[in-house]
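Breakdown of the fold
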Amino acid sequence: MNTAASNLLPKKVTEAIKSVVGVNPADLHEPEFVGNEWNYLKDCLDTGYVSSVGQYVDRFERNLESFTGAKHAIAVVNGTSALHIALILAGIESGDEVLIPALTFVATANAVTYLGATPHFVDSERQTLGIDAQKLKNYLQSISKMQGNTSINRKTGRRIRAIVPMHTFGHPSDLTGLIEVANEFNLVLVEDAAESLGSRFNGSHTGTFGKLGILSFNGNKIITTGGGGAILTSDTELAMRAKQLTTTSKIPHKWEFRHSEIAYNYRLPNINAALGCAQIENVEFKIAAKRELYIKYYEVFSKIEGVHLMREPNGSLSNYWLQTLLIDDPSLKLRDEILEETNNAGYRTRPAWNLLSDLDQFGGSPKSDLTESHQLMNRIINLPSSPKLARIVTD
Ligand SMILES: *Cc1c(COP(=O)(O)O)cnc(C)c1O
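Okay, so let's go over this structure. A quick note: this is a predicted structure, and the numbers were derived from the prediction, not measured. (Residues numbered from 1 in each chain as written. Predicted model: local features only at pLDDT ≥ 70, side-chain atom pairs only at ≥ 80, totals over all residues. Heavy atoms only, no water.)

1. Thoughts on the overall build of the protein chain
Scanning the protein chain from terminus to terminus reveals 12 helices and 16 strands. Relative to the 2.2 N^0.38 estimate, which gives 21 Å for 395 residues, the radius of gyration of the protein chain is 22 Å and therefore close to what a compact globule would have. Referenced to the eigenvectors of the C-alpha coordinate spread, the extents of the protein chain come out at roughly 70 × 60 × 35 Å. Within the protein chain, the fraction of its 395 residues that count as buried is 53%. Of the roughly 16800 Å² that the protein chain leaves accessible, carbon and sulfur atoms contribute 51%. Placing the 39 positive and 43 negative side-chain charges of the protein chain at their respective mean positions leaves the two points 3 Å apart. (Helix = DSSP H or I, 4+ residues; strand = E, 2+ residues; numbered from the N terminus. Rg over C-alpha atoms; globule rule 2.2 N^0.38 Å. Buried < 20%, exposed > 50% of the residue type's maximum accessible area, 1.4 Å probe, protein only. Areas by Shrake-Rupley, 256 points an atom, 1.4 Å probe, with all protein chains shown as cover. Lys, Arg positive; Asp, Glu negative; His and termini not counted. Charge placed at Lys NZ, Arg CZ, Asp CG, Glu CD.)

Set out below in structure tokens:
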């Protein structure tokens, strides 16, 4: 690429963002409370039901079930704890390896290590920003062997037990390819759908393809409960276990405190669930706004050479949680110049995560070739993506 042109790119990107979102500072993603949030929160305060008991938890779970089509949703205190419990219920044991993308938020890997298991990092693809299923298949064919029904890593001797795809910035991963790999190598599929509430693959909601899936309602996600998460599953027995494990395994009784096993206090408080009930009433509206924002950004960025706006993968409907710009030139330098210029102008653009395989705490973890993940990390810039930005009229 010619240097003069690439040096103009930071300015051009800044101007393009400005033309879409206006001159004011714009955050990466702001929460929005325009519905029944005050009413439901007031109800919690008026009735005194603010904590681990109350009608909003049940109601939020039923809302999530009808919105996602999952048979069961279990609300918990955050997305990380949802992952923790989902991996326990997937049968992950100490010493197992769990395949996860290197290009994901740290929670995906942390939850694996909570069980004494090891994250095994694999490469992502440009098309979906999620795990590259074809590459994973070839990789597993070269490094694993089947022992009975179990896939064993020939190098480490450990059992490869599960695969946790993550639907990056809301874009569904190649679930068809990943399910095929999971079947061939007898791996449990657990979906990290923390970022993809409202995203669908072949018409079905992300997080409902695996044995279990998880959602997050952290402050920066498409809907928020302050902090919160949920476990999704179609398996009634696993759903009951999930509820039990996340509520200290208390045996229901009028007054007695008896607990049937060591478990967790991962209950979502009623006050957070109340926020969730109000937020989910507006989720379709937010997704529509985000899809509109994509079109607005597309109109300006399609005219700029050297960058491409991330578009939902074929066969998918994305919630476009974050709008992602991919720089053609995979040099970290240009990415950082654009981040510098746009942030100085008040647009809170952000890079993707550093690859988890490069963090000290995961330095000993096995990994496949991560060429594409490295390139994506160097090429990704997330743009201001709040739903309200779609409704700003410029000119
Ligand atoms: C947000 C997020 C989570 C869960 O985060 P919490 O803050 O614990 O709710 C997990 N995985 C990914 C990919 C996420 O983006």
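Moving on from the model shown.
2. Describing unusual backbone geometry
In this model, Phe169 sits at a positive phi of 55°, which is unusual for a non-glycine residue. Within the element layout of this structure, Phe169 appears in the loop between β6 (159-163) and α7 (175-184). The phi torsion at Ser249 lies on the positive side, around 55°, for a residue other than glycine. Relative to the elements of secondary structure, Ser249 occurs in the loop between α8 (236-246) and α9 (270-280).

3. As for the side chain of Asp192
Within the element layout of this structure, Asp192 appears in strand β7 (residues 188-192). An unpaired buried charge is present at Asp192: no salt bridge exists, and Lys221, the closest side chain of opposite charge, is 7.2 Å distant. At a separation of 3.1 Å, a polar atom in the side chain of Asp192 contacts the main-chain amide nitrogen of Ala194. Ignoring anything within four residues of it in the chain, the contact list for Asp192 reads Leu83, Thr104, Thr108, Val164, Pro165, Met166, His167 and Ile214. (Salt bridge = Lys/Arg side-chain N within 4 Å of Asp/Glu carboxyl O. Polar contact = N/O pair within 3.5 Å; in protein donor to acceptor, adjacent residues only side chain to side chain. Contact = heavy atoms within 4.5 Å.)

4. Brief notes about helix α4 (residues 79-89)
Among the 11 residues of α4, 9 are classified as buried, and the element is accordingly described as predominantly covered. For α4, the full list of buried residues reads Gly79, Ser81, Ala82, Leu83, His84, Ile85, Ala86, Leu87 and Leu89. Buried residues along α4 sit in contact with β1 (72-76), α5 (106-114), β7, β10 (212-216), β11 (229-233) and α8. By the N-cap criterion, in which a side-chain oxygen at the helix start approaches the backbone nitrogen of a residue two or three places on, α4 is capped by Asn78, the distance to Thr80 being 3.2 Å. Immediately downstream of α4, the backbone of Gly91 shows phi near 90°, a positive value.

5. Quick notes on the sheet that holds strand β16 (residues 380-383)
Within the open sheet, the 4 strands sit side by side as β12-β14-β16-β15. Their pairing is antiparallel. The two strands at the open ends of the sheet, each matched to only one other strand, are β12 (307-309) and β15 (350-351). Pairing of β15 with β16, which is carried by 2 bridges, proceeds in the antiparallel orientation. Its bridge partner being in β16, Arg350 is matched across the sheet by Asn382. (Pairing = 2+ DSSP bridges.)

6. Quick look at helix α2 (residues 37-47)
All buried positions along α2 are accounted for by Glu37, Tyr40 and Cys44. The arc enclosing the buried residues of α2, seen along the axis, measures out at 85°, which places them on a common side. Exposed residues lying more than 90 degrees from the buried face of α2 are Trp38, Leu45 and Asp46. Considering only its buried residues, α2 is in contact with α3 (55-68) and α9. Remark: Gly48 follows α2 within two positions and exhibits a positive phi of approximately 85°. (Arc of directions from axis to C-beta.)

7. Considering the packing of helix α6 (residues 133-143) against α7
Between α6 and α7, the least distance of the axes is 8 Å, while the angle of their chain directions is 15°. Between α6 and α7, the angle is such that the two are roughly parallel. Seen along the crossing, α6 lies across α7 with a hand that is left-handed. Along its contact with α6, which presents Ala133, Leu136, Lys137, Leu140 and Gln141, the element α7 presents Gly177, Leu178, Glu180, Val181 and Glu184. A breakdown of the residues in the contact of α6 with α7 according to their chemical character gives 5 nonpolar, 2 polar and 3 charged. (Axes fitted to C-alpha atoms, helices over the stretch in contact; angles between N-to-C directions. Parallel < 35°, antiparallel > 145°, perpendicular 65-115°, else oblique. Left-handed = near helix turned anticlockwise from the far one by under 90°. Nonpolar A, V, L, I, M, F, W, Y, C, P; charged D, E, K, R; others polar.)

Keep in mind that these numbers describe shape and distance, not what the molecule does.
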